[in-house]
Amino acid sequence: MAMSNGGIENHNGKVDTNHLVQRGIGNSASQLTHLDPELADGNHHVANSNSDTPDIRPSRETVHHVGKDTWWEAGFHLIAAFDNSYVLGYPGLVMAYLGWIAGPICVGAFYVGSFYNNYLLATLHETGGKRHIRSRDLAGHILGPLMYKATWILQFLNLSIATVGSIILCGESLQGIWVAYSHNSAITLPIWVVISGGTYGLFAFFVPTLHSLRLHTAVSIFLSLIFICIAVGTSFNDGFRAAAPRDYSLLGTKADVSFRSIGSLATIAFAFNSNILPEMQAVVRQPAVRNMHKALVMQFTLGNFPIILVMMAAYWAYGNAVNPYLLNSTSGPRPWVALANVTAFLQMIVSIHVYALPMYEFVDTFFGRNYGDKRDWSAHSTLIRFLTRGTFIAIATFFGALLPFFGDFVALTGALSVFPLNFGLVHLMYLKVNGKNFALYQVAWHWGMIGLAVILTVTTATASVRQIISDATNAHVFSNT
């Protein structure tokens, strides 16, 4: 059985379902399952994949676009997801907690490990002759329904927390612009967070799918270059002009230093992993595995170099006094700092959308109807987008304004989802698929990585929760921090 050009081909011949698509009912499982028993499990989809190999079909139905982007467009998506305002927080949330010795070692180790894990994950994309276009589809196909549900929960938890943290960062950027040109402190950070959430809500409504985001991600890379160059340039300028030596010691009690150091490992993991690689790979043209490998090389060279550069340059310039939002530490010309905040805000709007789209894809598919090429802007689709995305963004904005501790959100996100999914689950799935052909040392290696992921998950989650409790205790809700 194969999908091709809007039809379903079974062992008895080809049945054309274009009339169903045109009438807006082509995504109904109940109307299609009589044609093929496999579709009863949800293994059906709108045939818009534009695949070069039609026998490799998407794992489940989706109203979003599959298989239409080049590898370099996928690379743009990846870079847009990583080179965002979070970069400005890593000097204060990683290097200031680890120092000059442990910091570069841990960053280098996670950099290599993250590329390796993502490379393995991309290799599994077409396991079993299907394009597994969602993380949960891949996990469920290889490890069963329980892992399908667990992956779904962990991934959506990751994306929800990341959205909250991203909206907080947008608020930080707007507040930075305001502070640069006004001495009026009446407009506090929670207000800027609400403004940011409203702005992102409008953007999310008008950009329905990841495929339609490809131009925005290209522009966002240019925006990233602006605020990253300004951040690095002002950091070097401040570092060379500093009158006194910088303090690179680790601040706090021994317990504080230990917990912060452990929690920073989750931040590093978050810096190099998205938890939505299968969803990004879904938009890539065939050959999907080879093209995604090219996109990953693009990300881990051109894309991740600025992240490491900002970490090291800012920590060298300011030491342990570096602000968790780097632009609040710089003393560069006011127009340049304001420009950096403006571009950081605009770029983060795009980045939030990349992370949130897997959740939107689920809701759009669940409630959606297929109207062919016009389905993204049908009255039904626009209403669903307005209600569902608006509700989600409103909730995320409320929590962002309530507890504006974006650094804690970053660490918690990495702890609860990146380590289990991008480190542990990847190796478990790879063993399940290929383990019969492995030598004993290869099996031991992958099980060792799984064990390490479990240890990191428990320790970093504990450290992150402790930090959130500490910050919540020392600050009131809706605080201007």
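Residues numbered from 1 in each chain as written. Predicted model: local features only at pLDDT ≥ 70, side-chain atom pairs only at ≥ 80, totals over all residues. Heavy atoms only, no water.

Note the cut-off: UniProt positions are given in the numbering used here, feature names are shortened, and annotations may be inferred rather than shown by experiment.
Per an unreviewed UniProt entry, the protein goes by Amino acid transporter transmembrane domain-containing protein and derives from Sphagnum troendelagicum. Annotation of the protein in UniProt includes, under Subcellular location (unreviewed entry), the sentence "Membrane".

## Notes on the overall build of the protein
This is how the line gets drawn: What counts as a helix is a DSSP run of H or I of at least four residues, what counts as a strand is a run of E of at least two, and both are numbered from the N terminus. Pairs of residues are marked as contacts when any of their non-hydrogen atoms sit within 4.5 Å. Accessible surface is estimated by sampling points in the Shrake-Rupley manner with a 1.4 Å probe; for residues, cover comes only from the protein chains shown.
Counting secondary structure elements, the protein contains 16 helices and 5 strands. For the protein, the share of sequence-separated contacts (at least 6 apart) that also reach a separation of at least 24 residues comes to 79%. Of the roughly 19,600 Å² that the protein leaves accessible, carbon and sulfur atoms contribute 68%.

## Comments concerning the packing of aromatic side chains
The line we're drawing: Each Phe, Tyr or Trp ring, with Trp reduced to its six-membered ring, pairs with another whose centre is within 6.5 Å; inter-plane angles below 30 degrees give stacked pairs, above 60 give edge-to-face pairs, and intermediate values give tilted ones. The buried label goes to any residue with under 20% of its type's maximum accessible area, the exposed label to any with over 50%, and the partly exposed label to all in between, with areas taken from a 1.4 Å probe on protein chains only. In this scheme, the term charge over a ring applies when either NZ of a lysine or CZ of an arginine sits within 6 Å of the ring centre and within 35 degrees of the ring normal.
Tallying each qualifying case throughout the model produces 29 aromatic pairs. Ring centres 6.0 Å apart and planes at 35 degrees place the aromatic pair Phe362 and Phe366 in the tilted group. In this pair, Phe362 and Phe366 are both assigned in helix α13 (residues 334-367), 4 residues apart and thus about one turn of the helix distant. Here Phe362 falls in the partly exposed class, since its relative accessible area comes to 27%. Put simply, the rings of Tyr148, Trp152, Phe156, Phe362, Phe366 and Phe367 touch in pairs and so form one group of aromatic residues. We note Arg246 situated over the ring of Trp316; from NZ or CZ to the ring centre the distance is 4.9 Å. Against the face of Phe205 rests Arg385, its NZ or CZ located 5.4 Å from the ring centre.

## Things to note about the packing of helix α8 (residues 214-241) against α13
Rules: The convention used is that axes are lines fitted to C-alpha atoms, helices contributing only their stretch in contact, and that angles between N-to-C directions extend from 0 to 180 degrees. In this scheme the handedness of a crossing depends on how the near helix is turned from the far one: anticlockwise by less than a right angle means left-handed, clockwise means right-handed. Put simply, Ala, Val, Leu, Ile, Met, Phe, Trp, Tyr, Cys and Pro go in the nonpolar bin, Asp, Glu, Lys and Arg in the charged bin, and everything else, Gly too, in the polar bin.
Between α8 and α13, the least distance of the axes is 8 Å, while the angle of their chain directions is 145 degrees. At the point where α8 passes α13, the crossing takes the left-handed sense. Of the residues in α13, those in contact with His216, Thr217, Ser220, Leu223, Ser224, Ile226, Phe227 and Ile230 of α8 are Trp336, Leu339, Ala340, Thr343, Ala344, Leu346, Gln347, Val350 and Val354. Its residues assigned to classes, the contact of α8 with α13 shows 11 nonpolar, 6 polar and no charged.

## Concerning the side chain of Glu73
Checked against the element boundaries, Glu73 lands in helix α3 (residues 71-82). According to the relative accessible area criterion, Glu73 is buried, its value standing at 13%.

## Description of the pattern of salt bridges
Going by this rule: Salt bridge criterion: a side-chain nitrogen from Lys or Arg within 4 Å of a carboxyl oxygen from Asp or Glu.
Applying the stated criterion across every chain yields a total of 4 salt bridges. We note a salt bridge from Asp137 to Arg134, for which the minimum N-O separation is 2.9 Å. Exposure class is identical for Asp137 and Arg134. Each is buried. The shortest N-O distance in the salt bridge between Asp256 and Arg466 comes to 3.1 Å. One end of the pair, Asp256, is in helix α9 (residues 254-272); the other, Arg466, is in helix α16 (residues 440-474), with 210 residues separating them in the sequence. Three or more residues joined by partner-sharing salt bridges are found here, namely Arg134, Asp137 and Glu361.

## Considerations on the nonpolar core
What counts here: Residues belong to one nonpolar core when they are buried, are Ala, Val, Leu, Ile, Met, Phe, Trp, Tyr or Cys, and are joined through side-chain atoms within 4.5 Å.
Residues Tyr90, Phe110, Tyr200, Ile268 and Met292 are the most contacted members of the largest nonpolar core, which totals 107 residues. Sort the elements by how many residues they give to this core and α13 lands first, with 13 residues. Aside from chain neighbours lying at most four places away, what touches Tyr90 is Met95, Thr267, Phe270, Ala271, Ile307 and Met311.

## Let's talk about unusual backbone geometry
Here the bond from Gln286 into Pro287 is cis, since omega is -5 degrees, no more than 30 degrees from zero. Checked against the element boundaries, Pro287 lands in the loop between α10 (277-281) and α11 (288-303). Located in the positive-phi region is Asn275, a residue other than glycine, with phi close to 65 degrees. On the secondary structure map, Asn275 appears in the loop between α9 and α10. For Asn275, a relative accessible area of 4% puts it in the buried group.

## Remarks on the side chain of His125
Cut-off, in case you're wondering: Polar contact is defined as a pair of N or O atoms within 3.5 Å, subject to the rule that within protein one atom must be able to donate a hydrogen and the other to accept it, and that residues adjacent in sequence are counted only when both atoms are side-chain atoms.
Mapping His125 onto the fold places it in the loop between α4 (90-123) and β5 (130-131). In this structure His125 comes out as buried when scored by relative accessible area, which is 1%. For His125, the side chain forms a polar contact with the side chain of Arg131, separated by 3.2 Å. Ignoring anything within four residues of it in the chain, the contact list for His125 reads Lys130, Arg131, His132, Ile133, Pro278, Gln281, Ala282, Ala288 and Val289.

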